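Residue-level listing of the chains:
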Amino acid sequence: MGQVIGGKVRKFMKKKIKYTDAPASISSSIKSSKAVEDFLPPPNKLVLKEDNSRVTIVLSKKSISFFKEESKRSGIPYQTMIKKVLDLYTEHYAHK
C-alpha cells in the first residue's frame, strides 16, 4: 500500500512516467528545438535609477489627506503617488 497523504493513497507516485509514446511530431519538435540564451537583464538592472532631487514643499491638508487615504487603499506610499502625479503633469505639458 502507498503512503497516506491527506487521506488519499499515493501509490501511483512511486512509478516513474516515461514519455516514449508521445506523437512523433512532438518528439521531433523537442529534438530539433534550440536553447535560447537568457535575454532578460539581472534584477539590479530592471529598475533604472531616476535623477531625483529632494525638495521641501508645503501642500494643503486636503491634498495630503487624499493621498494618505489612497495610500492606505493601494499600499503605495503617498509620496510616490504625489511624485507620479507631478511626473505625469510634467510629461503632458513639457512636450507641447
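The structure under discussion appears in the preceding block.
It should be emphasised that the depicted structure is a prediction, and the values quoted were computed from it without experimental measurement.

Novice: Whenever I open this one, the overall build of the protein confuses me. Can you help?
Specialist: Within the protein, the regular secondary structure consists of four helices and two strands. Secondary structure elements of the protein occur, N-terminal to C-terminal, as β-β-α-α-α-α. Counting the 96 residues in the protein, one finds 5% classified as buried. Accessible surface, the protein: about 10,100 Å² in total, of which carbon and sulfur atoms supply 59%.

Novice: In this structure, what is going on with the pattern of salt bridges? I would like to understand it.
Specialist: Opposite charge on two side chains permits them to pair, given that their charged atoms come into close proximity. Using the criterion set out here, one finds four salt bridges in the structure. Between Glu50 and Lys83 there is a salt bridge, with its nearest N and O atoms 3.3 Å apart. Separated by 33 residues along the polypeptide, Glu50 in the loop between helix H2 (43-46) and helix H3 (61-74) and Lys83 in helix H4 (residues 78-94) bring together distant segments of the chain. Classification of Lys83 by relative accessible area gives partly exposed; the value is 31%. Close ionic contact of Glu70 with Arg73 constitutes a salt bridge, the shortest N to O distance being 2.9 Å. Here the residue Glu70 and the residue Arg73 both occupy positions in helix H3, the gap between them amounting to three residues, near one helical turn. Taken together, the shared-partner salt bridges connect Glu50, Lys83 and Asp87 into one network.

Novice: Help me understand the packing of H3 against H4 in this model?
Specialist: Two elements in contact, H3 and H4, have axes whose closest approach is 8 Å; the angle formed by their N-to-C orientations is 115 degrees. Taken together, the axes of H3 and H4 lie roughly perpendicular to each other. Crossing angle aside, the handedness with which H3 passes H4 is right-handed. When H3 is examined against H4, the residues Ile64, Phe67, Lys68, Glu70, Ser71 and Ser74 are found in contact with a partner set consisting of Tyr78, Met81, Ile82 and Val85.

Novice: How should a nonpolar patch on the surface be read in this particular structure?
Specialist: A surface patch of nonpolar side chains, amounting to about 400 Å² of accessible area, comprises Val36, Phe39 and Leu40. Relative accessible area serves as the criterion here: at 71%, Val36 is assigned to the exposed category.

Novice: Just to check I follow, could you spell out the packing of aromatic side chains for this structure?
Specialist: Both the distance between ring centres and the angle between the ring planes are used here to describe each pair of aromatic rings. Tallying each qualifying case throughout the model produces two aromatic pairs. Ring centres 5.2 Å apart and planes at 80 degrees place the aromatic pair Phe66 and Phe67 in the edge-to-face group. Ring centres of Tyr89 and Tyr93 lie 4.8 Å apart, and the angle between their planes is 45 degrees; on these two criteria the pair is classed as tilted. Taken together, the positions of Tyr89 and Tyr93, both in helix H4 and four residues apart, correspond to about one turn of that helix. Among the residues examined, Tyr89 registers a relative accessible area of 54% and is labelled exposed.

Calculation criteria
- Residues numbered from 1 in each chain as written.
- Predicted model: local features only at pLDDT ≥ 70, side-chain atom pairs only at ≥ 80, totals over all residues.
- Heavy atoms only, no water.
- Helix = DSSP H or I, 4+ residues; strand = E, 2+ residues; numbered from the N terminus.
- Buried < 20%, exposed > 50% of the residue type's maximum accessible area, 1.4 Å probe, protein only.
- Areas by Shrake-Rupley, 256 points an atom, 1.4 Å probe, with all protein chains shown as cover.
- Salt bridge = Lys/Arg side-chain N within 4 Å of Asp/Glu carboxyl O.
- Axes fitted to C-alpha atoms, helices over the stretch in contact; angles between N-to-C directions.
- Parallel < 35°, antiparallel > 145°, perpendicular 65-115°, else oblique.
- Left-handed = near helix turned anticlockwise from the far one by under 90°.
- Contact = heavy atoms within 4.5 Å.
- Patch = residues over 30% accessible without salt bridge, like charges linked within 9 Å, V, L, I, M, F, W, Y side chains within 5 Å.
- Phe/Tyr/Trp six-rings, centres within 6.5 Å; stacked < 30°, edge-to-face > 60°.

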